[in-house]
Every structure is written in structure tokens, then in C-alpha cells.
Amino acid sequence: MDALITAAARALAAGDLLGALNRVSLRDDPPALALRGIVMARLGEFGRARDLLARAGRGFGRGNPAARARCTLAEAEIALVLRDIAWPQGLLDRTRAVLETAGDHANAAHARIIEARRLLLIGQPGAAGDAIAGLDPGRIPPALAAGLHLTRAGIAARRIAAAEAARDLDAAAAAAAASGIAELAAEVATARHQLDAPAARLVRAGTDRMVTLAEIEALPAEAALVVDACRLIVRDATDIRPLATRPVLFALARQLALAHPADVPRAVLIREGFGGRTADDSHRARLRVEIGRLRRLLHPLARIHATPAGFVLHPARPGPVALLDPPIEAGCGRILALLADGEAWSTTALAIALGTSARTIQRLMERLAATGRVRPTGRGRTRRWTVPALGGFPTIMLLPGV
């Protein structure tokens, strides 16, 4: 590597993008093309960056597999930024293997961090944790260490482990400061703001207020029972019962928690659970069946008793019942939560992340666009969706995965 390429690489590592570009802007050899591609990506010119990196990869050829793999790794990072989460996973795995064989452990670690971030986006925090398991932040450059700690903080936040997420964000801030990259420090500061801001609405003992992730983490120890309308679960301090696939049962559980310690009239349960406007005999018969199913599912967390007017919820241990509701409307909350990162998402990427069909997402996005909640750019396959900031509310509790 010649002195000019070395100087450009050092300028890039220090965050001096224009200084790096000035040194290689007139060169077309593969190392210069790769550096120009990385600079273009950092400047937000992703289309140009992809072209330059592809040219650099072809220029390195099969005789320099490690350099070619680094170009592929940079393309993978651009795909992540563009939310192209359908980018071939097998190619990233092969790239990481080549880098490890070549002894480039820093970039191999970078590949694992990129994969973990992709898995986190599509709601697989467990798999994301496995992808970066064993990585030592002390043995990689500070910029990568900051990214590693940010990823770990994201995984902890999805698991409602606020204290663990805060520790990782402190470590990320220190690593970002050591790297000297202002954009990275700003990303850590944004993540810290999201962790400390209200994340859900808590209804408990007749009160209604916004709560932070740390307060949500402490709820199972403070309340006898937690009905979580963000994650569609019912839990206590030791047990969790998922109800994401049982929407009727969850609707009934939510109404019982909302009214606790009072009972809920049968007509209200029929309206909220089944959408029935009148409580006829068939509705009352179905309500008895569904309440029986809910009793069995919640045992031994809670009991459901019949009253002359309806049904009442009794937690297995003494204490209040807490209901967690989303900070924004639930109908489009998960889509808005993904878009709240400020990046432009494609319809396909949203469908993959939310586990639904692209056509369903397309219909939802068109309705949201008609009300001004999202903004489309481009046409056809190049169409992307963005959304303005959600009024200061973080969206951790609305993101896919538990």
C-alpha cells in the first residue's frame, strides 16, 4: 500500500472524510476506489458508493480475496443502512470466513456486528446476541467497539433490561469519544435519549402515566400482574404467558386488567373482545368459552371469577394489576416504530421485519401516506418510506421481538 492510500485511510479512520477524498479522488486503482466508496457512503451517496465498491472488488479480483471481502463488507453495511435486509446472508457469512482466514479479525468482528444489527431489525434479539457472543470490545478499534456496545444495548432494550442497556451505552459513549468520530458520538447520545424517555403508558390502580423502560423493567416486582399490550403478554415476577396469537383472549385480559379491582360487565367484554354491538345468547355463550380458555392459560398467575354483572380478575399474589399500553396508537405502531430510526425503508424490508406480506404493508403505507404520517419517495422497486420524528416518544416497546 502506497503512502497516499495509507494517509487517506488514516484520515478516514479519524473521521476526516474530505481529507481522505482529496487524497484519492483522481485515482482509479482498486484501493483508491474502495476508499472513495467508503467516503461516499459516509457522505450519504449510497448509490455512488455501491458502484465504486463493486468496481474495487472486481479490480482486486480472485488474487486478493481479503481486499475483495472488505469491499463486500462495506456493501453489506450500506445495505443495512438502506434497510435492504434481504441482502444475501450467505454472502456475509462467506465474507466473514475469508476475513478470519486472512487474520483480519477487526473486519471479521465488524461482519458479526452487521449481522447482529440486521437480526435485531427483524425482531430476533436472541439470534443477534448469538451473532456477537464472545466478541471482546477491548480487542477491536474504538469505532467498532462503540458499534458493538450499541448493538448490545439494543438487544438489552428489546429484552426490557434497562440497567444492562444503560451500562452498554456508557461503554459505547467512551468508545465513541476514543474514536474521535462525531457522528458516532451523536448516535450514542440519541440512543441514550431514547432509553431515558417515556416508552409506554402505565394504567395502574386508577392512575394513568407515561413510564420509562427502567420503570417497565421494575414492574413485575412491584405489581402482582402485568398485562403488556405492547408485547401482547401477561406476566408476573416469575412467569410469562404470550398471547400474541390469541387476540381475543388478550382483548379480554386487557379489559379485566383495565377495570381491576372492579369487575367488567359482560356487554363490555363482548364488545371489546368480539366486536359485538349487542350481548345476545350466542355472544354470551362464546364469552363463557373464551373466559374458560383465558382461565386455563393464566393459571397459576391469576384467577378469573364470575360476578352477577360480569367477570373480575384476581392475581395469584396480592398487589395491583398493571396495564402497559403503547405510547402511540397500536394499529400502526409497529410500522412507525421501525420507521422512527430516520432511515428510508422499502415495503419488502418492512414486510420481512414484521413477518407479514408485502401487499399488506403496501396497503397500510398507502393509508398512512394519505393522512400524512409517512412520506414516500421514488417509484416502483425504488420506493422508500420515511416518517417524521414521533414527538419524542421512543419506540422500543413497539418493535418486533421479545
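The paragraphs below set out a description of the structure included in this document.

## Here we look at the overall build of the chain
- For the chain, the count of helices and strands is 18 helices and eleven strands.
- By principal-axis analysis of the C-alpha atoms, the chain measures approximately 85 × 45 × 35 Å.
- In the chain, buried positions account for 47% of the 402 residues.
- For the chain, the proportion of contacts with a sequence separation of at least 24, taken over those separated by at least 6, is 56%.
- For the chain, the exposed surface amounts to about 18,900 Å²; the carbon and sulfur share of it is 54%.

## Overview of the packing of helix H3 (residues 30-42) against helix H4 (residues 46-60)
- Viewed as axis vectors pointing N to C, H3 and H4 meet at an angle of 160°, and their least axial separation amounts to 8 Å. With respect to each other, H3 and H4 are oriented roughly antiparallel. As H3 packs across H4, the resulting crossing turns out to be left-handed. Within the contact between the two elements, H3 uses Pro30, Pro31, Leu33, Ala34, Arg36, Gly37, Ile38, Met40 and Ala41 and H4 uses Phe46, Arg48, Ala49, Leu52, Leu53, Arg55, Ala56, Gly59 and Phe60.
- Among the residues forming the contact of H3 with H4, the class breakdown is 13 nonpolar, two polar and three charged.

## Side note on the sheet that holds strand E9 (residues 321-325)
- Sheet architecture is open: six strands sit in the order E2-E1-E9-E3-E4-E5, paired in mixed fashion. The two strands at the open ends of the sheet, each matched to only one other strand, are strand E2 (207-212) and strand E5 (240-242). Within this sheet the neighbouring strands show an average axis-to-axis angle of 20°, counted without direction.
- As paired elements, strand E3 (residues 225-228) and E9 share four bridges and run parallel to each other.

## What about empty space enclosed by the protein?
- For the coordinates displayed, the defined rule picks out one cavity of 30 Å³ or more.
- Empty space within the largest cavity amounts to approximately 70 Å³.
- Around the largest cavity, the lining residues are Ala76, Ala79, Leu80, Asp84, Ile85, Trp87, Leu92, Ile114, Glu115 and Arg118.
- Its residues assigned to classes, the lining of the largest cavity shows seven nonpolar, no polar and three charged.

## Let's talk about unusual backbone geometry
- Of note, the amide linkage connecting His260 to Pro261 takes the cis form, showing an omega dihedral of 10°.
- Phi at Arg83 takes a positive value of approximately 60°, unusual for a residue other than glycine.
- The residue Arg83 is located in the loop between helix H5 (65-81) and helix H6 (89-101) in this model.

## Remarks on H4
- Its 15 residues place the ends of H4 21 Å apart at the C-alpha level, agreeing with the 21 Å of an ideal helix rising 1.5 Å per residue.
- All buried positions along H4 are accounted for by Ala49, Leu52, Leu53, Ala56, Gly57 and Phe60. Along the long axis of H4, the arc covered by the buried residues comes to 140°, so they all point the same way.
- Summarising the contacts, the buried residues of H4 are in contact with H3 and H5.

## A few points about the sheet that holds strand E6 (residues 264-265)
- Pairing is antiparallel across the open sheet formed by three strands, whose spatial order is E6-E8-E7. What marks the edges here is a single partner per strand, and that holds for E6 and strand E7 (302-306).
- Here E7 runs beside strand E8 (residues 310-315); their pairing, made up of five bridges, is antiparallel. Along E8, the bridge assignment pairs Ala306 with Phe311.
- Packed onto the sheet, helix H15 (residues 281-298) meets E7 and E8 and runs at close to 155° relative to E7.

About the criteria used
Residues numbered from 1 in each chain as written. Predicted model: local features only at pLDDT ≥ 70, side-chain atom pairs only at ≥ 80, totals over all residues. Heavy atoms only, no water. Helix = DSSP H or I, 4+ residues; strand = E, 2+ residues; numbered from the N terminus. Buried < 20%, exposed > 50% of the residue type's maximum accessible area, 1.4 Å probe, protein only. Contact = heavy atoms within 4.5 Å. Areas by Shrake-Rupley, 256 points an atom, 1.4 Å probe, with all protein chains shown as cover. Axes fitted to C-alpha atoms, helices over the stretch in contact; angles between N-to-C directions. Parallel < 35°, antiparallel > 145°, perpendicular 65-115°, else oblique. Left-handed = near helix turned anticlockwise from the far one by under 90°. Nonpolar A, V, L, I, M, F, W, Y, C, P; charged D, E, K, R; others polar. Pairing = 2+ DSSP bridges. 1 Å grid on protein atoms, 1.4 Å probe; cavity = no way out; pocket = protein on both sides within 12 Å on 5 of 7 lines; lining within 4 Å. Points joined across faces, edges and corners; volume = space filled by probe spheres on them. Expected span 1.5 Å × (residues − 1). Arc of directions from axis to C-beta.

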